[in-house]
Amino acid sequence: MKERRFIVIEGVIGAGKTALAGLLANRLHAGIIQEQFEDNPFLDKFYADRRKYAFHTQLYFLMSRYKQQREISQIDLFSSRVITDYLFAKDRIFAEINLSEDEFALYDKIYGLIERDIPRPDLTIYLQASPDFLFRRIKHRDRVFEREIEYEYIEQLCNSYNTFFFHYNTSPLLIVDIKGFDFLRRSNDVDLLCNEIKTLKEPRRIISRQW
Amino acid sequence: MEHIYLLLGSNIGNVRQNIDRALTALKHSNIKVLKKSTARITQPWGKADQPDFLNMVVQIACEYTPRELLGILKSIEREMGRTVGERWGPRIIDLDILFYGSRTLQEDDLVIPHPHFFDRPFAVALMNDIAPQFVPPGSDMSIAEYYRDRIHERKTIHCH
């Protein structure tokens, strides 16, 4: 089996990407690269007035994510393993939701130019959840810059993410229905996921709790 | 007003667009869509060697009887190019009646509530998105209570 050196975790706000990246990095002896979203100086303005600050926010994210992805591609992936808590393409998902048609057309030209330099993951993990579940988590964790997020926005993101990952084929894909898993409190759940990562042979697979 | 819920699914082609087309077709048939869940990626049921599905649950309002509603749904499926094929096989669009208020029906080609609803975690999850308070006929638990109870039994399944 090909070693999975570059693993990406993705999911809508509140899915628990960052925490899971930390847990997996620890378990798989990998380096971890986290998105620096709170550095974006437009973010709190954006959540307060999405229309007005969408383009600023998007361009800032695109630039900083690009820079970080270039750094990942410099890492010697033969000798080390890397986990990130975001997929570069998420930038475009958000852009499509938040920008006007004209803005998005312009954005997409820039995106198309730089996308080819982005390293491809060896495995992508998508944390799927219902908007209700995510919204409650966001309220519960109460990050300052997330306080203004509206339920409808989470709903819209869920729809866009689910459609995006339905067609995703850039790398093998593990879809985890996170309801019923508790990676932070139950190490068995992390074991199970590690095992899935190691044994995944198909191009994609869905893991969920069943009754 | 009776609470009527449908399950929409697609696993061929532009799945999101297929679902949106079906929603438009419902409107054109004088069926009002009151609430929509998110569209969720799910594992194929019954026959696993086929692509994943995108599924959505909607609450509708209409003047049709269950039998008439079924006829309209089948006609939308046909219109959208689904040929009568293999059961549980791949499909452009799949439209099922999950619940029709408190009614229960037991006919050859029409069983309400949907006979497999409770076997399918994703259907319960989507229903929980838009109608957590709904109490299915013959049950003493709301969807939310059912969902919470069952998910805690914690068995893991793997699909394809």
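Scroll up to find the structure this text is about.
Analysis parameters
Each residue is numbered by its place in its chain's sequence as written, counting from 1. Numbering of ligands from 1 and lettering of chains from A proceed in the order in which they are written. Confidence filtering applies because this is a predicted model: local features only for residues at pLDDT of at least 70, side-chain atom pairs given and counted only at 80 or more, and all residues used for totals across whole chains, interfaces and linings. Excluding hydrogens and water, the side-chain figures rest on all heavy atoms present in the structure. A patch consists of residues exposed above 30% relative accessible area that lack any salt bridge, with like charges linked at up to 9 Å and nonpolar side chains (Val, Leu, Ile, Met, Phe, Trp, Tyr) linked at up to 5 Å. Accessible surface area values rest on a Shrake-Rupley calculation with a 1.4 Å probe, where residue burial reflects the displayed protein chains alone. Throughout this description, the term salt bridge denotes a Lys or Arg side-chain nitrogen within 4 Å of a carboxyl oxygen of Asp or Glu. Each helix is a run of DSSP H or I of at least 4 residues and each strand a run of E of at least 2, with the numbering of both proceeding from the N terminus. Between buried and exposed lies partly exposed: a residue is buried under 20% and exposed over 50% of the maximum accessible area for its type, with that area taken using a 1.4 Å probe on protein chains only. Contacts were defined at the residue level, with two residues in contact if any of their heavy atoms lie within 4.5 Å. We call two strands paired when DSSP finds no fewer than two bridges between them. In plain words, nonpolar cores are sets of buried Ala, Val, Leu, Ile, Met, Phe, Trp, Tyr and Cys residues tied together by side-chain atoms within 4.5 Å.

With respect to a nonpolar patch on the surface
Residue and element names in this part refer to chain A. Together, Leu 59, Leu 106 and Ile 110 give the surface a local cluster of nonpolar side chains, amounting to about 220 Å² of exposed area. Tracing the backbone through its elements, the reader meets Ile 110 in helix H5 (residues 101-115). Looking at Ile 110, the relative accessible area reads 32%, which means it is partly exposed.

A closer look at helix H4 (residues 90-98) of chain A
All names here are of chain A. Most of H4 is tucked away: seven of the nine residues are buried. Within the span of H4, buried status applies to Lys 90, Asp 91, Ile 93, Phe 94, Ala 95, Ile 97 and Asn 98. On its buried face, H4 sits against strand S1 (6-11), helix H1 (17-28), helix H2 (43-48), helix H3 (50-74), H5 and helix H7 (151-166).

Let's talk about the pairing of strand S1 (residues 4-10) of chain B
All names here are of chain B. With seven of seven residues buried, S1 is to be regarded as a mostly interior element. Across seven bridges, the pairing between S1 and strand S4 (residues 53-61) is antiparallel. Of the residues in S4, the one forming a bridge with Leu 7 is Val 57.

Here we look at unusual backbone geometry
A cis amide bond, omega -5°, links B:Ile112 with the succeeding residue B:Pro113. For B:Pro113, the position within the fold is in the loop between strand S7 (111-112) and helix H3 (121-130). The backbone of A:His29 shows a phi angle near 50°, a positive value even though the residue is not glycine. With phi around 65°, B:Asn30 is a residue other than glycine that occupies positive phi space. As for its position among the elements, B:Asn30 is in the loop between helix H1 (15-28) and strand S2 (32-36). Judged by its relative accessible area of 63%, B:Asn30 falls in the exposed class.

So, the nonpolar core
Ranked by size, the top nonpolar core spans 99 residues in total, and within it A:Ile13, A:Leu24, A:Ile125 and B:Leu69 carry the most contacts. Once residues lying within four places of it in the same chain are set aside, the contact partners of B:Leu69 are B:Ile4, B:Leu6, B:Ile31, B:Ile60, B:Cys62, B:Tyr64, B:Ile97 and B:Tyr100. By size, the runner-up hydrophobic cluster in this structure holds 18 residues, among which are B:Leu7, B:Phe99, B:Phe134 and B:Tyr147.

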